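# Inside the fold
Letter by letter, the chains look like this.
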Amino acid sequence: MNPAKRQQIFARLQAADPAPTTELHYSTPFELLIAVILSAQATDVGVNKATAKLYPKANTPEKILKLGVDGLKEYIKTIGLFNSKAENIIKTCRMLIELHGSQVPESREALEALPGVGRKTANVVLNTAFGHPTIAVDTHIFRVSNRTKLAPGKDVVEVERKLEKFTPVEYKQDAHHWLILHGRYTCIARKPRCGSCIIEDLCEYKDKIFE
């Protein structure tokens, strides 16, 4: 795919949604961090239902740590992998208190050192909470990047590197959100909705479906 096509793709995504953001509900960097940890192999809708009950009771490292693993599980037991997530979140809260003054660090290295936080989660927090032009590659973005040929790669790290290299600088801040929303609602996994896609004529997917 040539640079002009990529430019047009992002220009159209921007025109359709000038101020995209995460669908996770949060009001502080800490709430976002916990929501993103919970969202691994879970839906944003499911996470939002759980945090709607959790955050009014506990939305700081100290308050969640006070709940303990078993107390936290009661709030997140509807979410997949809740046992391991509860343990990781409690450990993360302890580290935030002891090492970072209860604040979410604005550093990839410090974020990735927290239990339950990998590269994707760190990128989401850096981008959405702190305004860094990072691109977190999840299953939706991986699919869209490969299917459209926007930034094909054999794994998420390769796709992330290509997106960072090929995305025009003026679109980098919001690229993550546009691509994830496009993958979630239009370029869906089983049957892409090519007929209602605003970038269909720019996409290089060979097996387009029109219904």
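Shown above is the structure to which this text applies.
What counts and how
Residues numbered from 1 in each chain as written. Predicted model: local features only at pLDDT ≥ 70, side-chain atom pairs only at ≥ 80, totals over all residues. Heavy atoms only, no water. Helix = DSSP H or I, 4+ residues; strand = E, 2+ residues; numbered from the N terminus. Buried < 20%, exposed > 50% of the residue type's maximum accessible area, 1.4 Å probe, protein only. Contact = heavy atoms within 4.5 Å. Areas by Shrake-Rupley, 256 points an atom, 1.4 Å probe, with all protein chains shown as cover. Phe/Tyr/Trp six-rings, centres within 6.5 Å; stacked < 30°, edge-to-face > 60°. Polar contact = N/O pair within 3.5 Å; in protein donor to acceptor, adjacent residues only side chain to side chain.

Okay, the overall build of the protein chain next. A tally of regular secondary structure across the protein chain gives 10 helices and zero strands. The secondary structure elements of the protein chain, listed N-terminal to C-terminal, are α-α-α-α-α-α-α-α-α-α. Along the first, second and third principal axes, the C-alpha set of the protein chain runs to 55 × 35 × 30 Å. Taken over 211 residues, the protein chain has a buried fraction of 45%. A separation threshold of at least 6 residues defines the contact pool for the protein chain, and within that pool the share at least 24 residues apart is 59%. In the form shown here, the protein chain has an accessible surface area of approximately 10500 Å², with 54% of it arising from carbon and sulfur atoms.

Bringing the packing of aromatic side chains into the picture now. Using the criterion set out here, one finds three aromatic pairs in the structure. Relative to tyrosine 171, the ring of phenylalanine 10 has its centre 5.8 Å away and its plane inclined at 20°; by these criteria the two rings are stacked. Of the two residues, phenylalanine 10 sits in helix H1 (residues 3-16) while tyrosine 171 sits in the loop between helix H9 (156-166) and helix H10 (172-185), which places them 161 residues apart along the sequence. Residue phenylalanine 10 shares its accessibility class with tyrosine 171, and that shared class is buried. Between phenylalanine 10 and tryptophan 178 the ring centres are 6.5 Å apart and the planes differ by 45°, which places this aromatic pair in the tilted class.

If you trace the backbone, asparagine 2 turns up in the segment before H1. Residue class for asparagine 2 comes out partly exposed when judged on its relative accessible area of 40%. The sequence separation of asparagine 2 and arginine 94 amounts to 92 residues, and the corresponding C-alpha distance is 47 Å. In terms of polar contacts, asparagine 2 uses its side chain to reach the backbone amide nitrogen of lysine 5, at 2.8 Å.

Let us look at helix H2 (residues 29-38). Buried residues dominate H2, accounting for nine of its 10 residues. Where H2 is concerned, the buried positions are Phe30, Glu31, Leu32, Leu33, Ile34, Ala35, Val36, Ile37 and Leu38. In this fold, the buried residues of H2 make contact with helix H3 (44-54), helix H4 (61-76), helix H5 (82-100) and helix H7 (119-128).

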